[in-house]
Amino acid sequence: MKADTQAKPTKLDGQPGRDFDFDVVVIGAGFAGIYMLYRLRGMGLSARLYEAGDGVGGTWYWNRYPGAACDVASLEYSYSFSEELQQEWKWSHRYAKQPEILAYINHVTDRFDLRRDMQFKTRMTSTVFAEGKRRWQIATDCGDRVSAQFCVMATGCLSAPKPIEYPGPESFKGNVYHTAYWPHERVDFSGQRVGVVGTGSSGIQCIPLIAEEAAHLHVFQRTPNFSVPARNCPMDPDYERSIKANYAELRRRERESDFGFMLVEPNTKSTFEVTPEERQREYEHRWEAGGLSYYTSFVDLMVNREANETVAEFVRTKIREKVRDPALAELLCPKGYPFGAKRVCTDTNYYETFNRDNVTLVDLRKSPIKKFTAKGLQVGDTEYELDSVVFATGFDAMTGALLNIDIRGRGGRLLKQKWAEGPRTYLGLMTEGFPNLFITTGPGSPSVLYNMVLGNEQHVDWIANCIEHLRKQDRAAIEPAVEAEQAWGEHVNEVANQTLFPLADSWYLGANVPGKPRVILPYLGGFRAYSQKCNEVVSKGYEGFALTAR
Ligand code: NA7
């Protein structure tokens, strides 16, 4: 087995654990953690960032599979906090691929000299709130004991990959990979019989490239996904210049939008307000433009099932046009759940790949995978002989990374127990009973439904300003009031129930992880309303939070 399904921290062998004291400990060196460290440095606080990987990047450090790319345009999916940075960095393509995003994150880390406050190959194993001292006592897997007034959990939304769910991987003689733990060296599938399990964004990105290399590729599909063309292309220098000439204006519009990407203008009309011809033109325009802009084709697409069906059928028609074998096309057509209620994927030649002679689709809805055998995977009574199996089976999203850590708040209360029926937060930023523990893009915030880089910036700024406020006011701690948390949770659910999102078994609801409570995880009210609420809370003196005197 080659799959590194448990990131292996390096212990400081033979060395005794060390003791440290910081104002703030940050966990995770992705977009959020890096910017958090930058802000804390600017505030003159002592801070250390711990990261399990041996480098920065978070999502973009781990997900190195062939074809890994961002499906939000790079000029938008990038930091806005430094005008110099956003002017000087040049993206080579409309959508950056993983190596370029990783290079960018490394550049930012070095440009702002942040690496000296980072410790890599170190996982936080537990953090316990010591009530007497009002400090978090943190343990790491390298034996360090760290005390901090504040903890910022920048642990990411899609950073706890689902484990392999079939028995017998140890009996399999071939190689096993997971897209989220891809080896750092190139994997060569030439001449191999390869199986890819999973057809979400990761599967849909890697399948066309693996198909080009493998002798034969079996795609094991449980649920077909809606995928639209990415239409990635080299960056047009004139276009880049025009964006950079007025970057601040683009950023302002992104912050005032719901999804945080503006390069295809959101439509303000509703689906049946226009003629069928105009509707078709709108969808065609977005199909040609490429990318994720379908969410904003009409304002009611995610709240009106009938409206949603128009875009769903538009995409199915495109799939039927692309895939030559009609029976195969039908298997690839998503049905039975609304467009967008599972994350829409963007692709380069995904459906066309199924016209290749060396690609076979295996429909797991007919028979699920039973187990690994020595030679491959057994599906029903059929054994598929494979040299390599690639799992693109997704993540324990939004809560997994946090709940994998032993987090204990006031009175020794375990976060895992508090969240046993689903996460409870105020604004996705904090949870009652866990003072001074901040979460970036946590459950109950727009997070994965907004441009993640800008969403992280908004959270980090809120947290930094909050810490500054506490220090100026000589307060020792902050945590949400139970009533505020409960009211926010009710609001999050109420908004979700007005949408079509609850109609799909998606990771937005935890429905992809066996046994996980089915609860809406991101806030669906849109970023604009959300950030207004965050600002309002502050302007009303941290309304809904309890601030403790020193
Ligand atoms: P996703 O989107 O969760 O996709 C995982 C895929 O794997 C999906 O097709 C799942 O089918 C399938 N899956 C999961 N578990 C199994 C098992 N046990 N057997 C067969 N198939 C399985 O993860 P990705 O990594 O592709 O993308 C995550 C996000 O990253 C994406 O949404 C973007 O935001 C970027 P299912 O639909 O559950 O039936």
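Notes on the layout of surface pockets
- Within this model, the second largest pocket holds a volume of roughly 650 Å³.
- A breakdown of the residues in the lining of the second largest pocket according to their chemical character gives 17 nonpolar, nine polar and five charged.

Quick look at the sheet that holds strand β13 (residues 369-372)
- Here we have three strands laid out as an open sheet, ordered β13-β14-β15, and antiparallel in their pairing. If you trace the sheet from one side to the other, it starts and ends with β13 and β15 (382-385), each paired once. Taking each pair of neighbouring strands and ignoring which way they run, the sheet shows an average axis angle of 25°.
- Where β13 lies against strand β14 (residues 376-379), three bridges are found, and the strand directions are antiparallel. Residue pairing for β14: Lys371 is matched across the bridge by Gln378.

Thoughts on the sheet that holds strand β12 (residues 359-363)
- The strand order across the open sheet built from five strands is β7-β16-β8-β9-β12, with neighbouring strands paired in parallel fashion. Looking along the sheet, the strands with just one partner apiece sit at the ends: β7 (175-178) and β12. Across this sheet, the average inter-strand angle for adjacent strands is 20°, counted without regard to direction.
- Alignment of strand β9 (residues 216-221) against β12, held across five bridges, turns out to be parallel. Within β12, the position partnered with Phe220 by the bridge is Val362.

Looking at the pairing of β9
- By the criterion of burial, β9 is predominantly enclosed, with five of the six residues buried.
- As defined by bridge partners, strand β8 (residues 193-197) adjoins β9 across five bridges and the pair is classed as parallel. The residue bridging Val194 from the neighbouring strand is Leu217, located in β9.
- Following the backbone out of β8, through helix α5 (residues 201-213) and into the adjacent parallel β9, one traces a crossover that is right-handed.

Digging into the site of the ligand
- Contacts to the ligand come from 20 residues, most closely from Glu165, Tyr166, Ser202, Thr223 and Lys342.
- In the model, a nitrogen atom of the ligand is placed 2.6 Å from a nitrogen or oxygen of the Glu165 side chain.
- Note that an oxygen atom of the ligand is positioned 2.7 Å from one of the side-chain N or O atoms of Lys342.
- Surface burial for the ligand is 88%, taken as the share of its 770 Å² of free accessible area covered by protein chains.

Concerning the side chain of Thr425
- Mapped onto the secondary structure, Thr425 falls in the loop between α13 (415-418) and β18 (437-439).
- The class for Thr425 is buried, based on a relative accessible area of 5%.
- Within the structure, Thr425 has its side chain in polar contact with the backbone nitrogen of Gly428 (distance 2.9 Å).
- Here Pro443 takes part through its backbone oxygen, which lies 2.8 Å from a polar atom of the side chain of Thr425.
- With residues near it in sequence (within four places) discarded, Thr425 still touches Trp419, Met430, Thr431, Pro443, Gly444, Glu485 and Trp488.

Thoughts on the pattern of salt bridges
- The tally for this structure, following the rule as stated, stands at 44 salt bridges.
- When the shortest N-O distance is used, the salt bridge between Glu385 and Lys375 registers 3.9 Å. With a gap of ten residues between them, Glu385 in strand β15 and Lys375 in the loop between β13 and β14 connect regions that are remote in the sequence.
- Residue class for Glu385 comes out partly exposed when judged on its relative accessible area of 36%.
- Using a relative accessible area of 48% as the deciding quantity, one classes Lys375 as partly exposed.
- Connected via shared salt-bridge partners are Glu309, Glu313, Arg316, Arg320, Glu330 and Lys335.

Description of helix α16 (residues 527-539)
- For α16, which comprises 13 residues, the first-to-last C-alpha distance of 18 Å matches the rise-based estimate of 18 Å (1.5 Å per residue) to within 8%.
- Where α16 is buried, its residues contact α7 (247-255), α14 (452-472), α15 (482-497) and β20 (545-549).
- Of the residues trailing α16, Gly541 is marked for its positive phi of about 70°.

Description of the packing of α14 against α16
- Viewed as axis vectors pointing N to C, α14 and α16 meet at an angle of 5°, and their least axial separation amounts to 12 Å. Overall, the two elements α14 and α16 adopt an arrangement that is roughly parallel. Residue-level inspection shows Gly455, Gln458, His459 and Trp462 of α14 in contact with α16, the latter providing Phe527, Tyr530, Ser531, Cys534, Val537 and Val538.
- Taken together, the residues of the contact of α14 with α16 sort by class into six nonpolar, four polar and no charged.

Reading guide: rules and limits
Residues numbered from 1 in each chain as written. Predicted model: local features only at pLDDT ≥ 70, side-chain atom pairs only at ≥ 80, totals over all residues. Heavy atoms only, no water. 1 Å grid on protein atoms, 1.4 Å probe; cavity = no way out; pocket = protein on both sides within 12 Å on 5 of 7 lines; lining within 4 Å. Points joined across faces, edges and corners; volume = space filled by probe spheres on them. Nonpolar A, V, L, I, M, F, W, Y, C, P; charged D, E, K, R; others polar. Pairing = 2+ DSSP bridges. Helix = DSSP H or I, 4+ residues; strand = E, 2+ residues; numbered from the N terminus. Axes fitted to C-alpha atoms, helices over the stretch in contact; angles between N-to-C directions. Buried < 20%, exposed > 50% of the residue type's maximum accessible area, 1.4 Å probe, protein only. Right-handed = clockwise from strand over helix to strand, strands pointing away. Near = heavy atom within 4 Å. Polar contact = N/O pair within 3.5 Å; in protein donor to acceptor, adjacent residues only side chain to side chain. Areas by Shrake-Rupley, 256 points an atom, 1.4 Å probe, with all protein chains shown as cover. Contact = heavy atoms within 4.5 Å. Salt bridge = Lys/Arg side-chain N within 4 Å of Asp/Glu carboxyl O. Expected span 1.5 Å × (residues − 1). Parallel < 35°, antiparallel > 145°, perpendicular 65-115°, else oblique.

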